[in-house]
Amino acid sequence: MPKNAPTRPPKEYKLDMDLPPYERWKDIILDNKAGIVAFHEYVHSVTHLPDWAFHFASYSHAYNKNPEFAEELQAIANLTEVDFSFLYIVNYLYEISAWCTSTIVRTASGKIIHGRNLDFPFERFIANLSAKVSVYRGSQYLYDADFVLGVLTIHAGIKPGKFAISINEREKGSIFENLREYLYEDSIGAPYLVRKILENATTFDEAVQMASTVRIIAPAYYTISGVQPHEGVIITRSATEVTNAHWLKDNTPDWFILVTNYDRGEIEPANDYRSLPGENRLNLIGQNITEQQLMDGVMAKFPTLNIETIITVIMVPSTGYFNSTIWY
């Protein structure tokens, strides 16, 4: 368990999307250049892959897929002096593997609380690069999100007064199917869609619509919470369609829903048994649960919290509450 080191909040930054990519990222990336370079060197040292394996994606290839994505990533490559192709690969690690827990609870007073744990390898490197970023367009505030600096995707974020969203990897398909989707279809990375939703959706319904319809590279679960007591859903996605939408109001009991990395009704493997313990703890606490009780009594308890848990975030869309805890 990652309990030997004290917990800490993430670093905090502001990002102005009205600035050119190099300028919008300059101060943030230079402040974290050493950590990004260290991660680059570590991945090279532990994978034992030939150099060509890290140089398959050129800027022109990336630009043809997604110009905005490529321009931002090239700016980060220039700022860090890390190879563009390596950064490109890192930005698609989610499409290979990730583990997480997301939950939505409705308190007895009708308040919606959204919790999420990010579980991922490279724990200390990812923790060192994790930051809370407040995103703006000029003077207009858009949203808050947990970023891993050097990566352009988002795993959890909030648009206060509108909605909150998190993503979990879905244990379906294969890396070969994901690769085919990337190469031959007009798909975007599943966590990059979270960023696009936070940037562009203005209501809970719009967020649900985007999460349900945009073509993505890898299967995923999108957990979306709103400001009204009935606004909570876990959207189970394949690359092309919704395979299930599990609404908070339709659950039994009807005041919480929870997802890890497996479809509802599937038996979790013995070495990754997280859903039922989390649900049992929610039932034990009851519907008078608070933000701190969700954190202390569920998200911070084994096996929801485990050796690969890097960061926990608790979000309340109606108030804008956004509290992140780093475990390393």
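Calculation criteria
Residues numbered from 1 in each chain as written. Predicted model: local features only at pLDDT ≥ 70, side-chain atom pairs only at ≥ 80, totals over all residues. Heavy atoms only, no water. Buried < 20%, exposed > 50% of the residue type's maximum accessible area, 1.4 Å probe, protein only. Helix = DSSP H or I, 4+ residues; strand = E, 2+ residues; numbered from the N terminus. Pairing = 2+ DSSP bridges. Axes fitted to C-alpha atoms, helices over the stretch in contact; angles between N-to-C directions. Contact = heavy atoms within 4.5 Å. Salt bridge = Lys/Arg side-chain N within 4 Å of Asp/Glu carboxyl O. Phe/Tyr/Trp six-rings, centres within 6.5 Å; stacked < 30°, edge-to-face > 60°. Lys NZ or Arg CZ within 6 Å of the ring centre and 35° of its normal.

## Quick look at the pairing of strand β8 (residues 220-226)
When you tally the buried positions in β8, you get 7 out of 7 residues, the bulk of the element. Residue alternation in β8 divides its side chains into two sets, Ala220, Tyr222, Ile224 and Gly226 and Tyr221, Thr223 and Ser225, and both sets are buried. Bridging between strand β7 (residues 163-169) and β8 involves 7 bridges; their strand directions are antiparallel. Note that in β8 the partner of serine 166 across the bridge is threonine 223. Bridging between β8 and strand β9 (residues 232-237) involves 6 bridges; their strand directions are antiparallel. Considered in β9, the bridge of threonine 223 is made with isoleucine 234. Two successive antiparallel strands, β8 and β9, enclose a turn made up of 5 residues.

## Regarding the sheet that holds strand β2 (residues 99-106)
One key point about sheets: their strands pair by backbone hydrogen bonds, in either a parallel or an antiparallel sense. With antiparallel pairing, 5 strands are arranged side by side in an open sheet as β11-β2-β3-β12-β13. Looking at strand neighbours, the two that pair on one side only are β11 (256-259) and β13 (321-326), the edges of this open sheet. Taking each pair of neighbouring strands and ignoring which way they run, the sheet shows an average axis angle of 10°. Together, β2 and β11 form the strand contacts of helix α10 (residues 275-285), whose direction differs from that of β11 by roughly 160°.

## Overview of the pattern of salt bridges
Evaluation of the coordinates by the stated rule reveals 19 salt bridges. Of the charged contacts in the structure, one is a salt bridge between arginine 274 and aspartate 119, with a shortest N-O distance of 3.8 Å. Residue arginine 274 is found in the loop between β11 and α10, and its partner aspartate 119 is found in strand β3 (residues 112-119); the two are separated by 155 residues along the sequence. Accessibility expressed as a relative area gives 2% for arginine 274, which makes it buried. Connected via shared salt-bridge partners are Arg24, Glu68, Glu72, Arg137, Arg195, Lys196 and Glu199.

## Looking at the pairing of β3
In terms of burial, β3 is a largely internal element, 8 of the 8 residues being buried. Where burial is concerned, the two faces of β3 agree: the one with Ile112, His114, Arg116 and Leu118 and the one with Ile113, Gly115, Asn117 and Asp119 are both buried. As defined by bridge partners, β2 adjoins β3 across 8 bridges and the pair is classed as antiparallel. Bridged to threonine 101 within β3 is asparagine 117. In this structure, β3 lies alongside strand β12 (residues 309-316), joined through 6 bridges in antiparallel fashion. Bridging across to β12, glycine 115 finds its partner in isoleucine 314.

## As for the packing of aromatic side chains
By the definition in use, this model includes 17 aromatic pairs. Ring plane angle 65° and centroid distance 6.0 Å describe the contact between tryptophan 25 and phenylalanine 147, whose orientation is recorded as edge-to-face. A residue pair is termed long-range when its members are at least 10 positions apart, and tryptophan 25 in helix α1 (residues 21-31) and phenylalanine 147 in strand β5 (residues 140-148) qualify at 122 residues. Taking relative accessible area as the criterion, tryptophan 25 reaches 1% and is therefore assigned buried. Here phenylalanine 147 falls in the buried class, since its relative accessible area comes to 2%. In this structure an aromatic cluster arises from ring pairing among Tyr59, Tyr63, Phe69, Phe84, Tyr88, Tyr92, Tyr182 and Tyr192. Between the NZ or CZ atom of lysine 65 and the centre of the ring of tyrosine 182, over which it lies, the distance is 4.6 Å.

## Some words on unusual backbone geometry
Following threonine 252, the chain continues into proline 253 via a peptide bond in cis, with omega recorded as 0°. The topology assignment puts proline 253 in the loop between β10 (242-247) and β11. Backbone torsion omega between phenylalanine 302 and proline 303 reads 5°, so that peptide bond is classified as cis. The topology assignment puts proline 303 in the loop between α11 (291-299) and β12. Within the chain, glutamate 81 stands out as a residue other than glycine whose phi angle is a positive 60°. Mapped onto the secondary structure, glutamate 81 falls in the loop between α4 (67-80) and α5 (84-90).

## A closer look at the sheet that holds strand β4 (residues 130-137)
The strand order across the open sheet built from 8 strands is β1-β4-β5-β6-β7-β8-β9-β10, with neighbouring strands paired in mixed fashion. Edge strands, defined here as strands with exactly one partner in the open sheet, are β1 (11-16) and β10. Taken pair by pair, the neighbouring strands of this sheet meet at an average axis angle of 20°, ignoring direction. Direction of pairing for strand β6 (residues 156-159) relative to β7: antiparallel, over a ladder of 4 bridges.

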